[in-house]
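These are the residues of each chain, in order.
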Amino acid sequence: MSDEKVTEDQLDLFKIVIEILNDLEISYWVDQGSLLGIVRQNSFLPWDHDVDLGIWQPDYMKHKKEIHRILSDYGARITFLPYVTKIKYSKGDRKSIPVNIRLYHREGGAAYSEFWSYTDLSKKSDKENAGYLRNMNRSVKLRKFCQKTPSVKFFLSPLLGLNHLFFLYMKEMRETLKDRRVVFRVSEDYFLSLEKREVYGVNVLVPEDPESYIALKYGESWREPNKNWVWYTDDGGSYSIHYFKRSLFNRPRHFVVSDYQRPSDDLRE
């Protein structure tokens, strides 16, 4: 996403999220590949499909309701998970770059984050996942339709409540398909002091020594693009990788560091 390719419509959501965090005086930082792109080429990476931000988990939870209310009023679709909030926005032909807010936990001088993904790429898993996504999208479309038509919203308010419960159920079912938890651990010092950088005309916060943080995560050759980089194995901050047999009754405890430290025979490299 070079400067020439990124349009104002695509930046709408990014700018709104930054404005909300600034207004609420929440400490955040640009993270992951988004930070790499800003430092290396003063733009987002051409092959990156979302913007990553980092926030301390207690700070986010303190303002969660207010953040979600403002984003919902704006028309954004919010998927909150205990380790990340995924935000999308589209209106007609306008489609913004999605924003992911990754939650960080501090303990013992370290900053921990985690991310879940799929390892079972079978046709059955893909089909189930696609079905959950379709149903979630239908739920979002119904909500948007009612927001545009206040009279319809009044008469269908009970249905909207059921619709919201249906959306949450679909989200939960989709999440149970993820069976790989990747835990990241870096020094908390990277995020305690922040500085301003400008990208696309927006002042954003980044770690005070972003080059050092990027070198840790992407290696000393981070100035050279590497499209074959694998996020869960090549990241220098990757601490451990856990594999689970998931079900509705097997819920992980997020940000419990003792759960991250598993015997070596439980890990796959």
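Read on for an overview of the structure.

The number of helices and strands found in the chain is 9 helices and 12 strands. The 269 residues of the chain split such that 44% are buried. Taking the contacts inside the chain whose residues are at least 6 apart along the sequence as the reference set, 70% of them involve residues at least 24 apart. Accessible surface computed for the chain: about 14,600 Å², of which carbon and sulfur atoms make up 51%.

A few words on the side chain of H68. Relative to the assigned elements, H68 resides in helix α3 (residues 57–74). Apart from residues no more than four positions distant in its own chain, H68 is found in contact with Y60, I78, F80 and T85.

Turning our attention to the packing of aromatic side chains. Counted according to the given criterion, the structure contains 20 aromatic pairs. Seen in terms of ring centroids, F184 and W231 are 6.4 Å apart; in terms of plane orientation they differ by 35 degrees. Their pairing is tilted. Here W231 lies in the loop between α8 (210–218) and β12 (238–243) and F184 lies in strand β9 (residues 180–187), a separation of 47 residues in the sequence. Taken together, the aromatic side chains of W29, W56, Y104, Y190, F191 and Y213 make up a single cluster linked through ring pairs. Its guanidinium or amino end placed over the ring of F80, K64 lies 4.6 Å from that ring's centre, counting from NZ or CZ. Geometry around W56 places R106 over its ring, the cationic atom sitting 5.0 Å from the centre.

Membership of the largest hydrophobic core comes to 55 residues, with the highest contact counts inside it found for F14, V17, L53, L71 and V204. Here this core takes 7 residues from helix α1 (residues 8–23), the largest share from any one element. Within the second largest apolar cluster, 9 residues are counted, among which are V84, V182, F184 and F244.

Time to look at the packing of helix α2 (residues 32–41) against α8. One way to put it is that α2 packs onto α8 with a least axis distance of 10 Å and a crossing angle of 125 degrees. Here α2 lies oblique to α8, going by the angle between them. α2 and α8 meet at a crossing whose hand is left-handed. Taken together, the residues of α8 that come into contact with α2 (itself represented by Q32, G33, L35, L36 and V39) are P210, E211, Y213, I214, K217 and Y218. Its residues assigned to classes, the contact of α2 with α8 comprises 7 nonpolar, 2 polar and 2 charged.

Rules of the game
- Residues numbered from 1 in each chain as written.
- Predicted model: local features only at pLDDT ≥ 70, side-chain atom pairs only at ≥ 80, totals over all residues.
- Heavy atoms only, no water.
- Helix = DSSP H or I, 4+ residues; strand = E, 2+ residues; numbered from the N terminus.
- Buried < 20%, exposed > 50% of the residue type's maximum accessible area, 1.4 Å probe, protein only.
- Contact = heavy atoms within 4.5 Å.
- Areas by Shrake-Rupley, 256 points an atom, 1.4 Å probe, with all protein chains shown as cover.
- Phe/Tyr/Trp six-rings, centres within 6.5 Å; stacked < 30°, edge-to-face > 60°.
- Lys NZ or Arg CZ within 6 Å of the ring centre and 35° of its normal.
- Core = buried A, V, L, I, M, F, W, Y, C linked by side-chain atoms within 4.5 Å.
- Axes fitted to C-alpha atoms, helices over the stretch in contact; angles between N-to-C directions.
- Parallel < 35°, antiparallel > 145°, perpendicular 65-115°, else oblique.
- Left-handed = near helix turned anticlockwise from the far one by under 90°.
- Nonpolar A, V, L, I, M, F, W, Y, C, P; charged D, E, K, R; others polar.

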